[in-house]
Amino acid sequence: MSSIPPPPEAPPIPYPGPPPAAPLPAFDFGAAYSIGWEALTRNYGILVGCVAIYAGLQLASLLVETVFNVIPILGSLVSIAITIFFFAPLQAGLAYLGVKACRREPLGVAGL
């Protein structure tokens, strides 16, 4: 067997942007839980109300899907359409509402 020498190492390519940021601090579960609990207790009414609105809309969509399930393929298509065009943005809005609560920004149902 012949030994093939390894290829020469290329010089490092200089990083064109700014220097990398300082490393992130270690994650502290207790601090994250405290921030979330404070946000919930400070905005309890609006957060629980938005979750209740979301749950009510899901129940209503379940009833609509049940009506359309008479024709199986139509029920599946309606379910997919409701999930993609209605509940995906609604879930993103609910998550954004939680982030705003943790940032101590003003909340409203319009943010949902």
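Look up: the structure comes first, before these words.
The following refers to the structure shown. (Residues numbered from 1 in each chain as written. Predicted model: local features only at pLDDT ≥ 70, side-chain atom pairs only at ≥ 80, totals over all residues. Heavy atoms only, no water.)

## Things to note about the overall build of the protein chain
Then step 1. Looking only at helices and strands, the protein chain has three helices and zero strands in total.
Then step 2. In sequence order, the secondary structure elements of the protein chain are arranged as α-α-α.
Then step 3. Principal axes of the C-alpha set define a box for the protein chain whose edges measure 75 × 45 × 25 Å.
Then step 4. By residue count, 15% of the 112 residues in the protein chain fall in the buried class.
Then step 5. The contacts in the protein chain between residues at least 6 apart in sequence include a share of 57% that link residues at least 24 apart.
Then step 6. Per element, the accessible surface of the protein chain, about 8900 Å² overall, is 74% carbon and sulfur. (Helix = DSSP H or I, 4+ residues; strand = E, 2+ residues; numbered from the N terminus. Buried < 20%, exposed > 50% of the residue type's maximum accessible area, 1.4 Å probe, protein only. Contact = heavy atoms within 4.5 Å. Areas by Shrake-Rupley, 256 points an atom, 1.4 Å probe, with all protein chains shown as cover.)

## With respect to the packing of helix 2 (residues 44-68) against helix 3 (residues 72-102)
Then step 1. For the pair helix 2 and helix 3, the least separation of the axes is 10 Å and the interaxial angle reads 175°. Considered as vectors, helix 2 and helix 3 are oriented roughly antiparallel to each other. For the pair helix 2 and helix 3, contact is made by Leu 47, Cys 50, Val 51, Tyr 54, Leu 57, Gln 58, Ser 61, Val 64, Glu 65 and Phe 68 and by Leu 74, Gly 75, Val 78, Ser 79, Ile 82, Phe 86, Phe 87, Leu 90, Gln 91, Leu 94, Leu 97 and Ala 101, respectively.
Then step 2. In the contact of helix 2 with helix 3, the residues fall into 16 nonpolar, five polar and one charged. (Axes fitted to C-alpha atoms, helices over the stretch in contact; angles between N-to-C directions. Parallel < 35°, antiparallel > 145°, perpendicular 65-115°, else oblique. Nonpolar A, V, L, I, M, F, W, Y, C, P; charged D, E, K, R; others polar.)

## Considerations on unusual backbone geometry
What you tend to see is this: most non-glycine residues have negative phi, and most peptide bonds are trans.
Then step 1. Although it is not a glycine, Arg 104 adopts a positive phi angle of roughly 60°.
Then step 2. Summarising the element assignment, Arg 104 is placed in the segment after helix 3.
Then step 3. Residue classification places Arg 104 among the exposed residues on the basis of a relative accessible area of 54%.

## What to know about a nonpolar patch on the surface
Then step 1. On the surface, Val 64, Val 67, Phe 68, Val 70, Ile 71, Ile 73, Leu 74 and Leu 77 cluster together into a nonpolar patch covering about 740 Å² of accessible area.
Then step 2. At the level of elements, helix 2 and helix 3 are the ones that each hand at least two residues to the nonpolar patch.
Then step 3. Here Leu 74 is to be found in helix 3. (Patch = residues over 30% accessible without salt bridge, like charges linked within 9 Å, V, L, I, M, F, W, Y side chains within 5 Å. Salt bridge = Lys/Arg side-chain N within 4 Å of Asp/Glu carboxyl O.)

## Focus on the environment of Leu 59
Then step 1. Relative to the helices and strands, Leu 59 is located in helix 2.
Then step 2. Judged by relative accessible area, Leu 59 falls into the exposed class, the value being 52%.
Then step 3. Sequence-wise, Leu 59 and Phe 29 are 30 residues apart; in three dimensions their C-alpha atoms are separated by 34 Å.

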